[in-house]
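Structure at a glance
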Amino acid sequence: MERIGIYGGTFNPPHIGHLQAAKQAVKALGLSKLLIIPAYAPPHKAVLPEHSPTAQQRLEMLRVAAAGCPEIEVSDLELRREGVSYSWETVEAVKRQYPDAELVLLMGTDMFLTFEGWLHPEEILKNASLGVFYRGDKGEQPAIAKKKTEMEAKGVTVYLVRNDVIPISSTQMRRLLVFRCAGEFLPEGVLDYIRENRLYDTRTNWKNLPMEELEPIVIGLLNPNRVKHVLGCRDTAVALAERWGADATDAARAGILHDITKAIDGPLQLTLCDAYGKLLDDFSKRYPRTLHALTGSMVAQRIFGENEAVVSAIEFHTTGRADMTLLEKIIYVADYMEPNRDFPGVERLRTLAFTDIDAALKLGLEMTLEHLHEQGAEASPASAGALAWLNKKG
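So, a few notes on the structure that sits alongside this text. (Residues numbered from 1 in each chain as written. Predicted model: local features only at pLDDT ≥ 70, side-chain atom pairs only at ≥ 80, totals over all residues. Heavy atoms only, no water.)

**A closer look at the overall build of the protein chain**
Scanning the protein chain from terminus to terminus reveals 20 helices and six strands. When its C-alpha atoms are laid out on the principal axes, the protein chain stretches across 80 × 45 × 35 Å. Residues classed as buried in the protein chain amount to 52% of the 394 residues present. A sequence separation of at least 24 residues applies to 71% of the contacts in the protein chain between residues at least 6 apart. For the protein chain, the computed accessible surface area is about 18,600 Å², with 50% contributed by carbon and sulfur atoms. (Helix = DSSP H or I, 4+ residues; strand = E, 2+ residues; numbered from the N terminus. Buried < 20%, exposed > 50% of the residue type's maximum accessible area, 1.4 Å probe, protein only. Contact = heavy atoms within 4.5 Å. Areas by Shrake-Rupley, 256 points an atom, 1.4 Å probe, with all protein chains shown as cover.)

Here's what the structure looks like:
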């Protein structure tokens, strides 16, 4: 019997993770054909992020990505249907087209574990088996095994497909496109298509934007749970700048941009450094999750055109350094004690911030080093250097 895979999703944009997963499914399941079907409007995200490409453009990008893969066919089935794309309808339509084939609906682990919550899952199972991409992480293995056993007891055929591809989401890809370092994660020809069609703001000039235009762009690049902190840091930085005679505009811009790359995970932080030609010290290589201050400063300079004062304030906002400028001190302290922070000692830090900025900086560094020591974690040499410099000063 012919076996055909169905691989749906938004594919906004399609990246090498999608393509490699598709190829692995073809090989692991012995598929004669794999249909990749972009959703017109997926039910879980009926409104796509602002500036997303059209459904037709997502389809065309997939066709570019899959060129040269004879087992993969990109289908416009859901685009022709329009409206919200439900899997049960798609599976039913494919079954009408291939009545004698075994259909395998492919999905990720999270979707598999919540499958009963889909719309009309019973209709899907009348027409298709399930294929589950999994990474083999220890945390997910017991849950997948349990769910597979439960479903097979009900007569459902479940195939597991080991997914050894780079763990990157389309959300992260959109950020990397904005930061101009996504090329290695896109199938051949896709980046050219994106640039030619001016998708994902890849041709937009964001340098030297006025604050009212900069702020919504930055917010759109943050994880939603980070927005309150960033806005709090901005406002606190401005207040401290006004108190200590620093440039309030620079303080606001450094505050809004200080976590611009925070949503990029550790391995991708290294990718960003490599793309920008930045050589890293041993500490940074060992702790790539600490790199968002450095990468944020590079993005602030290259993408947003910020001046050197703002760039350096962002670069050292987590570690400090010896011989810190006034703006660097302000951003370090503002990040530490903005109104959404809540930890023992923060109120003392807030008081010091407006009475003795050096004392506030010193307290922040001491608390950071103490916390890292308690956690058995290594501190950045820059932090130790900053504290030694402050102690020497005074």
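**Comments concerning the sheet that holds strand E3 (residues 72-74)**
Pairing within the open sheet is parallel, and its six strands lie in the order E3-E2-E1-E4-E5-E6. Edge strands, defined here as strands with exactly one partner in the open sheet, are E3 and strand E6 (158-162). Going from strand to strand, the sheet's axes swing by 25° on average, the running direction of each strand aside. Summarising the sheet, strand E1 (residues 3-9) and strand E4 (residues 102-107) pair through five bridges and their orientation is parallel. In the sheet register, Tyr-7 faces E4, and the bridge partner there is Leu-106. Each of E1, strand E2 (33-38), E3, E4, strand E5 (128-134) and E6 touches helix H1 (residues 16-29); the most contacted strand, E6, lies at about 125° to it. Each of E2 and E3 is contacted by helix H2 (residues 55-66), which is oriented at about 160° to E3, the strand it contacts most. (Pairing = 2+ DSSP bridges. Axes fitted to C-alpha atoms, helices over the stretch in contact; angles between N-to-C directions.)

**Re helix H7 (residues 141-153)**
Given a rise of 1.5 Å per residue, 13 residues ought to cover 18 Å, and the 18 Å separating the end C-alpha atoms of H7 matches this to within 8%. Among all positions in H7, only Ile-144, Lys-147 and Met-151 are buried. Each buried residue of H7 sits inside an arc of 70° when the element is viewed along its axis, so together they form one side. Facing away from the buried side of H7 by over 90 degrees, the exposed positions are Pro-142, Lys-146, Thr-149 and Ala-153. On its buried face, H7 is in contact with helix H5 (109-113), helix H6 (121-127), E5 and E6. Of the residues trailing H7, Gly-155 is marked for its positive phi of about 90°. (Expected span 1.5 Å × (residues − 1). Arc of directions from axis to C-beta.)

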